[in-house]
Amino acid sequence: MKVLVTAKQVATVDDDDFEVGVDGVDEQFLEYDLNEWDEYAVESGVSFAEECDDDVEVVSVTIGPEQTEETIRMVLAKGVDRAIRVWDDALDEDALRDVETKAALLEAVAERESPDLVLTGVQASDDGLGATGVALAATMDVAWAAVANDVEIDADAETVHARRELEGGLEEVTDVALPAVLTIQTGINEPRYASLRGIRQAQRKEILPLGLDDLDVDATQLKRRLSVKSTRVPETTSTATLFEGEADETATDLAEMLRDEGVTAE
Amino acid sequence: MSDVLVVAEHRQDSLRDVSFELVTAGRNLADEMDGTLDVAVISGAVESFAEALSLDGVDRIHTVDYGDEFNHDVYTQAVTQLHDAVDPTVLLLPNSVNGLDYAPAVATRLGLPYVSDTVDVEWDGEGVVTVREQFGGKVETVVGVDDDAAVVSVRPGAYAPADTDGTASVVAFDAEIETDAVLTDVRGFEEVAGGDVDITEADVLVSVGRGIEDEENLDLIFDLAEALDATVSASRPVVDDGWLDKGRQVGQSGKVVTPDVYLAIGISGAVQHVAGMKGAETIVAVNTDPNAPIFDIADYGVVDDLFDVVPELIEQLG
Ligand SMILES: Cc1cc2nc3c(=O)[nH]c(=O)nc-3n(C[C@H](O)[C@H](O)[C@H](O)COP(=O)(O)OP(=O)(O)OC[C@H]3O[C@@H](n4cnc5c(N)ncnc54)[C@H](O)[C@@H]3O)c2cc1C
Ligand SMILES: Nc1ncnc2c1ncn2[C@@H]1O[C@H](COP(=O)(O)O)[C@@H](O)[C@H]1O
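If you're wondering where the values come from, they're calculated on a predicted model, not measured in any experiment.

1. Concerning the side chain of A:Thr62
Then, in step 1: Take A:Thr62: it is sitting in strand β6 (residues 57–63).
Then, in step 2: Setting aside chain neighbours within four positions, we find A:Thr62 in contact with A:Ala7, A:Thr68, A:Ile72, A:Ile84, A:Arg85 and A:Val86.

Shown next, in the form of structure tokens:
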């Protein structure tokens, strides 16, 4: 059996001081990391392989430029067997904003790898499209389930017993036919930290770079129908009273405010 | 031909709030286009749903009487066929958990551009222009669509619900659902177990987020709660990490709480969290990041390190 896990390198902005230009947040204020949701997807894949006595190969795929290899090494260190990195000069931010482009590229990778199961995150924490997994399933023409917080794979029955986390503490119990794409919700498992041994092994694992030609994807398949017209820091609608000063002073103000609200214990 | 088509959402015999919010969004958009608004409702008690959706500004309602609860394969087929029949310029879908489960598939099947999780949708005379958030709400982007038609999903809570009655015509739409292409079997619902405390009953909640960093540091939060005779609740990451049980999670997938006072300690104020606590009487935030969205809804705030402020506060209350 083969599991394909999609792993995105996401950007986070520095805490307080950052500046936005026309195209978005200035590069110097960005830090990069593995998407939180993908940590859980990776763990689902790797722990499933372990339960099956490693009769399962886990392959990761990332669409991104060379700098994403740092993140890909982290994924490999957590036990993924090998990685694919898709990139091409024809790709840019506008193309990756159009989910059809991402789905076309990932579908081409799936075509090459023929996975039984594809695991993605529910959403990327930076752009938050929340769309790639389901768009990929529809492109591959296979089954799917979005926002899974429990997954039990029955390879013999070619079925996944999943739970979808709905609003307000309700779950949908769903059976999905394999092959399938599942979008994984946080909290489904306990993502491991990479061990020192894992980090060493990751150095020797393969990261296969693939371009459009390798994937037989035509540049005309790369849609870019969404464009960012402007980026801004939202105007604050805040009417909050902010207490200022050293911690002992702000704590005094807070305590007084809480007493005024009548909520202190005494 | 229509201008805007909205797909309603329901669960366990009730229309969900987002359906009425989508009607508002759809009507605004249709007005800007000088056009018509169609609404579709699929599965369940479609007739009574149609009655409830007959709101001011809705021109036509299409009912698809097939099955009871949401199944994404059924929805994807029905919406795609409706889209072919109605031919809207903009298809508006909810960015709810079920929206996440079918909206991208509909866009893919229709070959249309998809803009997800928008907080504002407008027509600028030539095309669709939306507003989306990035980096957990710290940045807003205005995203335009360069195409003749689009699929747009709207964030729950972004628009006020429509509530004035109207006189829409109701038409039954005969969708042909190919059962071979229904690859998921929805077996039912289950309620997540409650846990040891009922945070919805508390008058005062001390709520802790990822800013707490470590499980051991939770003692600090429990000490503060004790000093305030309050109950401890949390944002999702603290529950995901297994430090507190699921019954204490506030938010979209946890509990909706309306205490007199809600102290958000080291919580950024992500939309899914705010969905569960915006109804609190008084909101107090302690966060090192002055740009954290939690300050937009807070009544009182301190921009500082919780590890400095909270111990001081406990001492002063003690
Ligand atoms: C389908 C779906 C459902 C979801 N449901 C929920 C839900 O029900 N409830 C929920 O909460 N989330 C939910 N989420 C997750 C949500 O999107 C956010 O990821 C989550 O709310 C973030 O939690 P947080 O604010 O604790 O963490 P972060 O966003 O990481 O924020 C931590 C904050 O702590 C501050 N901080 C750090 N250190 C300190 C310090 N020393 N002192 C003071 N402040 C500090 C930081 O500035 C930051 O603002 C859901 C997501 C999805 C996709
Ligand atoms: N550039 C990318 N490379 C690899 N996987 C991605 C990429 N973008 C999105 N994904 C996957 O799709 C999920 C949802 O992302 P999104 O639809 O962009 O919010 C992520 O959690 C990843 O698993």
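2. Considerations on the site of ligand 1
Then, in step 1: Near ligand 1 you find 28 residues, and of these B:Ser235, B:Ser253, B:Ser268, B:Gln272 and B:Asn287 are the closest.
Then, in step 2: Residues within reach of ligand 1 are spread across chains A and B.
Then, in step 3: A distance of 2.8 Å separates a nitrogen atom of ligand 1 from a polar backbone atom of B:Val250.
Then, in step 4: In the environment of ligand 1, an oxygen atom lies 2.7 Å from a nitrogen or oxygen atom belonging to the side chain of B:Gln272.
Then, in step 5: Surface burial for ligand 1 is 88%, taken as the share of its 980 Å² of free accessible area covered by protein chains.
Then, in step 6: Those elements that provide at least two residues to the shell around ligand 1 are α6 (236–240), α7 (271–274) and α9 (306–317) of chain B.

3. A look at helix α5 (residues 218–227) of chain B
Residues and elements named next belong to chain B.
Then, in step 1: For α5, the set of buried residues is Leu218, Leu220, Ile221, Leu224, Ala225 and Ala227.
Then, in step 2: Buried residues along α5 sit against β13 (204–208), β14 (231–234), β15 (261–265) and α9.
Then, in step 3: Just past α5, the residue Asp229 takes up positive phi, approximately 55 degrees.

4. A word on the pattern of salt bridges
Then, in step 1: Per the stated rule, a full pass over the model turns up 38 salt bridges over all chains.
Then, in step 2: As a salt-bridge pair, A:Arg163 and B:Glu190 come within 3.0 Å of each other at their nearest N and O atoms. With A:Arg163 in strand β10 (residues 159–165) and B:Glu190 in strand β12 (residues 184–191), this residue pair bridges two chains.
Then, in step 3: In this structure B:Glu190 comes out as partly exposed when scored by relative accessible area, which is 38%.
Then, in step 4: The partner of A:Glu165 in a salt bridge is B:Lys246, and the shortest N-O contact between them spans 3.2 Å.

5. Some words on the site of ligand 2
All names here are of chain A.
Then, in step 1: Near ligand 2, the surroundings consist of 19 residues, among which Thr6, Asp38, Ala124, Gly130 and Thr132 are the closest.
Then, in step 2: Backbone polar atom of Gly121 to an oxygen atom of ligand 2: 3.1 Å apart, as the coordinates give it.
Then, in step 3: In this structure, Ala131 approaches ligand 2 through a main-chain N or O atom, which is 2.9 Å from an oxygen atom.
Then, in step 4: Relative to its unbound accessible area of 480 Å², ligand 2 is 99% covered by the protein chains.
Then, in step 5: Contributions of two or more residues to the shell around ligand 2 are made by β6 and β8 (117–121).
Then, in step 6: At three residues, β6 tops the list of elements feeding residues into the shell around ligand 2.
Then, in step 7: Across the shell around ligand 2, the residue classes tally to seven nonpolar, nine polar and three charged.

6. A closer look at the packing of helix α2 (residues 69–77) of chain A against helix α6 (residues 196–204) of chain A
Residue and element names in this part refer to chain A.
Then, in step 1: Viewed as axis vectors pointing N to C, α2 and α6 meet at an angle of 120 degrees, and their least axial separation amounts to 8 Å. Accordingly, the angle class assigned to the pair α2 and α6 is oblique. Note that α2 runs across α6; the crossing there is right-handed. Between α2, through Arg73, Leu76 and Ala77, and α6, the contact on the second element is made entirely by Gly198, Ile199, Ala202 and Gln203.
Then, in step 2: Of the residues assigned to the contact of α2 with α6, the class counts are four nonpolar, two polar and one charged.

7. So, the interface of chain A and chain B
Then, in step 1: On the side of chain B, 89 residues touch chain A, which itself brings 87 residues to the contact.
Then, in step 2: When chain A packs against chain B, the two sides together hide about 7300 Å² of surface, and 54% of this comes from carbon and sulfur.
Then, in step 3: The three residues of chain A that bury the most area against chain B are A:Trp144, A:Glu167 and A:Arg225, which together make up 10% of that side's buried surface.
Then, in step 4: Counting every contact that joins chain A to chain B gives 10 salt bridges.
Then, in step 5: Put simply, A:Glu167 and B:Arg11 hold a salt bridge, and the shortest N to O gap is 3.1 Å.
Then, in step 6: Linking chain A with chain B are 45 residue pairs in polar contact (both at pLDDT 80 or more), by the criterion used here.
Then, in step 7: With 10 residues, the single largest contributor to the side of chain A that touches chain B is helix α7 (residues 247–260) of chain A.
Then, in step 8: Of the residues belonging to the side of chain A that touches chain B, the class tally is 40 nonpolar, 24 polar and 23 charged.
Then, in step 9: Relative to strand β17 (residues 300–303) of chain B, strand β15 (residues 241–243) of chain A runs parallel, the two being bridged by three bridges. Paired with A:Leu242 across the bridge in β17(B) is B:Gly301.

8. Quick word on the sheet that holds strand β11 (residues 169–172) of chain B
Then, in step 1: Taken together, the 10 strands give an open sheet; going across it, the order is β14(A)-β9(B)-β8(B)-β7(B)-β10(B)-β6(B)-β1(B)-β4(B)-β5(B)-β11(B), and neighbouring strands pair in mixed fashion. A single partner strand is all that each edge strand has here, and the edge strands are β14 (226–232) of chain A together with β11 of chain B. Along the sheet, successive strands turn relative to each other by an average axial angle of 35 degrees, direction set aside.
Then, in step 2: Strand direction decides the pairing type here: strand β7 (residues 114–123) of chain B and strand β8 (residues 128–134) of chain B, joined by five bridges, are antiparallel. Following the sheet pairing, B:Asp120 is matched in β8(B) by B:Val131.
Then, in step 3: Where helix α4 (residues 97–110) of chain B meets the sheet, it contacts β1 (4–7), β6 (90–94), β7 and β10 (150–154) of chain B, and its direction lies at approximately 160 degrees from that of β6(B).

9. A word on the domain arrangement of chain B
Residues and elements named next belong to chain B.
Then, in step 1: The domain boundaries assigned to chain B delineate domain 1 (4–181) and domain 2 (199–317).
Then, in step 2: With centres defined by C-alpha atoms, the gap from domain 1 to domain 2 works out at 34 Å.
Then, in step 3: Across the contact, five residues belong to domain 1 and five residues belong to domain 2.
Then, in step 4: For the pairing of domain 1 and domain 2, the buried interface totals around 390 Å² over both sides, and the portion due to carbon and sulfur atoms is 57%.

10. Points about the UniProt feature "domain: Electron transfer flavoprotein alpha/beta-subunit N-terminal" (unreviewed entry) in chain B
Then, in step 1: Feature annotation in UniProt places "domain: Electron transfer flavoprotein alpha/beta-subunit N-terminal" (unreviewed entry) on residues 4–185 of chain B, given in this structure's numbering.
Then, in step 2: The straight-line gap between the two end C-alpha atoms of residues 4–185 of chain B is 31 Å; of that span, 29% is helix and 32% is strand.

11. A short note on the packing of helix α5 (residues 132–140) of chain A against α4(B)
Then, in step 1: Two elements in contact, α5(A) and α4(B), have axes whose closest approach is 8 Å; the angle formed by their N-to-C orientations is 45 degrees. Classed by the angle they form, the pair α5(A) and α4(B) counts as oblique. Once α5(A) is placed against α4(B), the crossing between them reads as right-handed. In contact with A:Val134, A:Ala135, A:Ala138 and A:Thr139 of α5(A), α4(B) contributes B:Leu100, B:Asp101, B:Pro104, B:Ala105, B:Thr108 and B:Arg109.

12. Considerations on the pairing of β15(B)
Residue and element names in this part refer to chain B.
Then, in step 1: Most of β15 is tucked away, with five of its five residues classed as buried.
Then, in step 2: Burial along β15 is two-sided: Val261, Leu263 and Ile265 and Tyr262 and Ala264, pointing in opposite directions, are all buried.
Then, in step 3: Bridge count for β13 against β15 is five bridges, and the pairing is parallel. Residue Val204 lies in a different strand from β15, and its bridge partner there is Val261.
Then, in step 4: Judged from the five bridges that link them, β15 and strand β16 (residues 282–287) form a sheet pairing that is parallel. Looking at β16, one finds that Leu263 is bridged to Val284.

Reading the values: rules and limits
- Residues numbered from 1 in each chain as written.
- Chains lettered and ligands numbered in written order.
- Predicted model: local features only at pLDDT ≥ 70, side-chain atom pairs only at ≥ 80, totals over all residues.
- Heavy atoms only, no water.
- Helix = DSSP H or I, 4+ residues; strand = E, 2+ residues; numbered from the N terminus.
- Contact = heavy atoms within 4.5 Å.
- Near = heavy atom within 4 Å.
- Polar contact = N/O pair within 3.5 Å; in protein donor to acceptor, adjacent residues only side chain to side chain.
- Areas by Shrake-Rupley, 256 points an atom, 1.4 Å probe, with all protein chains shown as cover.
- Buried < 20%, exposed > 50% of the residue type's maximum accessible area, 1.4 Å probe, protein only.
- Salt bridge = Lys/Arg side-chain N within 4 Å of Asp/Glu carboxyl O.
- Nonpolar A, V, L, I, M, F, W, Y, C, P; charged D, E, K, R; others polar.
- Axes fitted to C-alpha atoms, helices over the stretch in contact; angles between N-to-C directions.
- Parallel < 35°, antiparallel > 145°, perpendicular 65-115°, else oblique.
- Left-handed = near helix turned anticlockwise from the far one by under 90°.
- Buried area = accessible area lost by both parts, 1.4 Å probe.
- Pairing = 2+ DSSP bridges.
- Domains from an automatic or database assignment.
- UniProt positions renumbered as here; feature names shortened; annotations may be inferred.

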